[in-house]
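Summary of the model geometry
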Amino acid sequence: MDFSHFDLAALLPFIGVGFAAQLVDGALGMAFGVISNTLLVGVMGVPPALASQRVHIVECFTTATSGISHLIHGNVDKKLFFRLLVPGVIGGVLGAYVLSHLDAGVVKPFVLLYLSLIGIYILVRGIFWPPKIKEAKFIAPLGLFGGFLDAAGGGGWGPVVTSNLLIQGADPRKVVGTVNTVEFFLTLTVSAAFIWHLGLADVAGATLGLLIGGLLAAPLGAWAAKHFNPKTMLILVGIVLTATSAYGVYRAWG
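Before going into details, it helps to say that this report is about the structure given with it. (Residues numbered from 1 in each chain as written. Predicted model: local features only at pLDDT ≥ 70, side-chain atom pairs only at ≥ 80, totals over all residues. Heavy atoms only, no water.)

Looking at the environment of Pro219
With respect to the element layout, Pro219 can be found in helix H9 (residues 206-227). Classification of Pro219 by relative accessible area gives partly exposed; the value is 37%. Once the C-alpha coordinates of Pro219 and Gln22 are considered, the two residues, 197 residues apart in sequence, prove to be 9.4 Å apart. In this structure Pro219 touches Thr65 and Ser69, once residues within four positions along its chain are discounted. (Helix = DSSP H or I, 4+ residues; strand = E, 2+ residues; numbered from the N terminus. Buried < 20%, exposed > 50% of the residue type's maximum accessible area, 1.4 Å probe, protein only. Contact = heavy atoms within 4.5 Å.)

As structure tokens, then:
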């Protein structure tokens, strides 16, 4: 890694983005990959496969810190964790393979449109109906699809898995903590798959900034998830999911 042109001032905006993205991700179970990938592809012009690879390398560190923090705060459901883990990892490997050989940009806007509608539904549900907590049943296929989309689309594990588990009525705090913790193993697997297909890219520049900001914010996100009440979390998840997904659709079709 070459640090001969290291410029802290140039990193500060990316540190800020990484901090904000991980704070939202740790508290609400989504958004780090979506925000970071949008920045790398849309602003910096990084190819989608390389952007997804770099985001997942950063997330190996941020999700490890976030997962440990969620465990400390008691936000992880062990049963749900293991039911998501294996299908999520399998889906991630398949998604990395597809994106390494095929441009997934054609499919992504339709998925983002779907997520926008899900976000609106969750927002309305949070405003008008107090959540009734019950055990989620549709888990393994959800983990498989979420893992695939996360790797193939450069982000999507949190929005897809968190939003659908909330729709099924699962405890918001446990959903966020468990989804974040499983994501560490997913990103580790996806990063290895990308490195196998594309080679190892330098974790420098913008990627280093995202990493620094994300690591600083990870413990705060887990603390926030523990202290938000379920109604507030549903409303915030709905807003974040709708806004980020709608922006992605606008960039693709606007």
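From this point, things continue past the structure.
A few points about the side chain of Gln168
Considering the arrangement of structural elements, one finds Gln168 in the loop between helix H7 (157-167) and helix H8 (172-198). Gln168 gets classed as buried once you look at its relative accessible area, which sits at 18%. Looking at Gln168, its side chain comes within polar contact range of the main-chain nitrogen of Lys137, at 2.9 Å. Here Phe138 takes part through its backbone nitrogen, which lies 2.8 Å from a polar atom of the side chain of Gln168. Gln168 has contacts with Lys134, Ala136, Lys137, Phe138 and Leu142, leaving out every residue within four places of it along the chain. (Polar contact = N/O pair within 3.5 Å; in protein donor to acceptor, adjacent residues only side chain to side chain.)

Things to note about the packing of aromatic side chains
This structure, assessed with the given rule, holds three aromatic pairs. Here the aromatic rings of Phe81 and Phe82 are separated by 5.0 Å at their centres, their planes lie at 90°, and the arrangement is edge-to-face. Overall, the relative accessible area of 10% leaves Phe81 in the buried class. Judged by centre distance (5.8 Å) and plane angle (75°), the rings of Phe81 and Phe185 are edge-to-face. In this pair, Phe81 is assigned in helix H4 (residues 78-101) and Phe185 in helix H8, connecting sequence segments 104 residues apart. Pairwise contacts between aromatic rings join Phe81, Phe82, Phe184 and Phe185 into one cluster. (Phe/Tyr/Trp six-rings, centres within 6.5 Å; stacked < 30°, edge-to-face > 60°.)

Some remarks on the nonpolar core
Judged by nonpolar contacts, the single largest core of 31 residues is most densely connected at Leu84, Trp157, Val161, Leu165 and Val179. For this core, the secondary structure elements donating two or more residues are helix H1 (8-28), H4, helix H5 (108-128), helix H6 (140-153), H7, H8 and helix H10 (230-253). Broken down by element, this core gets its largest block of residues, six residues, from H8. Residues contacting Trp157, with those up to four places away along its chain left out, are Leu84, Gly88, Gly143, Gly146, Gly147, Asp150, Thr162, Val179, Val182, Glu183 and Leu186. Residues Leu11, Phe32, Leu208 and Leu211 belong to the second largest nonpolar core, which totals eight residues. (Core = buried A, V, L, I, M, F, W, Y, C linked by side-chain atoms within 4.5 Å.)

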